[in-house]
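Next come the chains, spelled out residue by residue.
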Amino acid sequence: MSVKKVLLPMMLLLVVVIMSACGQEKTTGTGSDATSSSGNNPAEKEVIVLGTSADYAPYEFHKKIDGKDTIVGFDIEIAKAIAADLGAELKIEDMDFDGLLMALGTDKVDFVISGLTPTEERKKNVDFTDIYYYAEQAVLVREGEDVALKSIEDLSGKQIGVQKSSIQEGIAQEIEGAKLTSLAKIPELILELQTGRVDALILEKPVAEQYVKNQEGLVVAGVEIKQAEDEGGSAIAVKKGNQKLLDQINTTLEKLKTNGDIERFVVEANEMLGE
């Protein structure tokens, strides 16, 4: 038998094996390595995983778009911009607010955007970006019950609803004589207020205002809640020590703030709520 006739099938088989190997899809993981190189193939795209609690309009919330349940909001637009600048595909993990930082610490998500205030206690466990948005706090009550509320002290002895592990929970804990109902989801708290099981809710003002627009019988009370600038504002959390990702996100945030994009995202999110 000719040597050429023997070698030709073997060479063809080798080519098929090589082409098959090149065509295999590479799977990338989450966690602190999620923005690292995925290999030599330029067509491959990293996946970066966002952790959020999508019950906090206009920051992040669910909306039907073309018949499909979609997570939207100005935080989500910021996350999309971050992923785009990283050249990564954004994956969103929706979970309870009080589980977000734990998910970050265990590499289930790569970063957290959820109207998160960078408190000193939280800084012990995660690293925070620069502040990207400041919002006032507000007291949400049933219509007609705002008349008797003139100051934060007037909430003494009241049953106050707050989101579990939130900055608002910390504010309520400082009110002398107040009784707290701490729940994971904002819609659950709204139901508690509407049914009279709590007397008031403490929420960020943009969130409270959206519920006034969309739910009958609710009103924002004229109660001013004062906070130091370093105790307010929203920032993005990354795993402790992930300086590379932190710097990359801060670069994107600076661009979005300079261009006025964040303000535009806020307006668009509020408009979407009204549709």
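Residues numbered from 1 in each chain as written. Predicted model: local features only at pLDDT ≥ 70, side-chain atom pairs only at ≥ 80, totals over all residues. Heavy atoms only, no water.

A. Focus on the packing of aromatic side chains. By the definition in use, this model includes four aromatic pairs. Considering the side-chain rings of Y59 and F74, the 4.6 Å spacing of their centres and the 40° angle between planes classify their relative orientation as tilted. Placement of Y59 in the loop between strand 1 (46-52) and strand 2 (61-65) and of F74 in helix 2 (residues 74-86) is noted, with a sequence separation of 15 residues between them. Look at Y59 and you get buried, because its relative accessible area is 0%. You can call F74 buried: its relative accessible area is 0%. (Phe/Tyr/Trp six-rings, centres within 6.5 Å; stacked < 30°, edge-to-face > 60°. Helix = DSSP H or I, 4+ residues; strand = E, 2+ residues; numbered from the N terminus. Buried < 20%, exposed > 50% of the residue type's maximum accessible area, 1.4 Å probe, protein only.)

B. Geometry of the layout of surface pockets. Taken as a whole, the largest pocket spans an internal volume of roughly 340 Å³. Lining the largest pocket are 14 residues, with I152, I171, E174, I225 and K226 positioned closest to its centre. As a volume, the second largest pocket reaches approximately 270 Å³. As for the second largest pocket, its lining consists of 13 residues, of which F97, D98, L101, R122 and S165 are closest to the centre. Broken down by secondary-structure element, the contributors of at least two residues to the lining of the second largest pocket are helix 3 (100-105), helix 4 (120-123) and helix 5 (167-173). For the lining of the second largest pocket, the residue count by class is five nonpolar, four polar and four charged. (1 Å grid on protein atoms, 1.4 Å probe; cavity = no way out; pocket = protein on both sides within 12 Å on 5 of 7 lines; lining within 4 Å. Points joined across faces, edges and corners; volume = space filled by probe spheres on them. Nonpolar A, V, L, I, M, F, W, Y, C, P; charged D, E, K, R; others polar.)

C. Inspection of the environment of S151 at higher detail. The residue S151 is located in the loop between strand 7 (137-142) and strand 8 (159-163) in this model. Since its relative accessible area comes to 23%, S151 is described here as partly exposed. As a C-alpha pair, S151 and V139 span 12 residues in sequence and 10.0 Å in three-dimensional space. Among the polar contacts listed, one links the side chain of S151 to the side chain of E153, at a separation of 3.0 Å. (Polar contact = N/O pair within 3.5 Å; in protein donor to acceptor, adjacent residues only side chain to side chain.)

D. Inspection of the side chain of Q163 at higher detail. With respect to the helices and strands, Q163 occurs in strand 8. A polar atom in the side chain of Q163 sits 3.0 Å from the backbone oxygen of A184. Discounting residues that sit within four places of it in the chain, Q163 has contacts with S53, D55, Y56, F97, E169, L183, A184, K185, I186 and L189. (Contact = heavy atoms within 4.5 Å.)

E. Structural detail: the sheet that holds strand 12 (residues 237-239). Pairing within the open sheet is mixed, and its five strands lie in the order 4-1-5-12-6. Looking at the sheet topology across the chains shown, the edges are occupied by strand 4 (88-94) and strand 6 (126-128). Lying over the sheet, helix 2 contacts strand 1, strand 4 and strand 5 (111-112), oriented at roughly 145° with respect to strand 4. The sheet strands contacting helix 8 (residues 243-259) are strand 1, strand 5, strand 6 and strand 12, and the helix crosses strand 12 at an angle near 160°. (Pairing = 2+ DSSP bridges. Axes fitted to C-alpha atoms, helices over the stretch in contact; angles between N-to-C directions.)

F. Layout of the environment of K108. Structurally, K108 is set in the loop between helix 3 and strand 5. When its relative accessible area of 60% is taken as the criterion, K108 is described as exposed. Between the C-alpha atom of K108 and that of E93, which follows or precedes it by 15 residues, the distance is 8.8 Å.

G. Just the pairing of strand 8, in detail. Counting buried residues in strand 8 gives four out of five residues, a clear majority hidden from the surface. Relative to strand 9 (residues 179-183), strand 8 runs parallel, the two being bridged by five bridges. Bridging across to strand 9, G161 finds its partner in T181. Where strand 8 and strand 10 (residues 200-204) come together, two bridges link them in parallel fashion. Looking at strand 10, one finds that I160 is bridged to A200.

H. Representation of the nonpolar core in the model. Counting 43 residues, the largest nonpolar core has F74, I78, F111, I113, Y132, L140 and I236 as its most contacted members. Residue assignment for this core shows that the elements contributing at least two residues are strand 1, helix 2, strand 7, helix 6 (186-194), strand 10, helix 7 (205-214), helix 8 and helix 9 (261-274). Non-local contacts of L140, meaning those with residues more than four positions away in its chain, are made with I190, L193, A200, L201, L203, A208, Y211, V212, L218, V219 and V220. In this structure, V139, L149, A200 and A221 belong to the second largest nonpolar core, which totals 17 residues. (Core = buried A, V, L, I, M, F, W, Y, C linked by side-chain atoms within 4.5 Å.)

I. Summary view of the sheet that holds strand 9. Taking strand neighbours across the sheet as the criterion, the five strands line up as 9-8-10-7-11 in an open arrangement whose pairing is mixed. Because the sheet does not close on itself, it has two edges, and the strands there are strand 9 and strand 11 (218-220). Here the strands of the sheet are splayed against their neighbours by 30° on average, with no regard to which way each runs. Each of strand 7, strand 10 and strand 11 is contacted by helix 7, which is oriented at about 120° to strand 10, the strand it contacts most.

J. Spotlight on the pairing of strand 7. Where burial is concerned, most of strand 7 is hidden: six out of the six residues are buried. With four bridges joining them, strand 7 and strand 10 adopt antiparallel strand pairing. For Q137, the partnering residue across the bridge sits in strand 10 and is E204. As defined by bridge partners, strand 7 adjoins strand 11 across three bridges and the pair is classed as antiparallel. Residue pairing across strands places R142 opposite L218, the latter belonging to strand 11.

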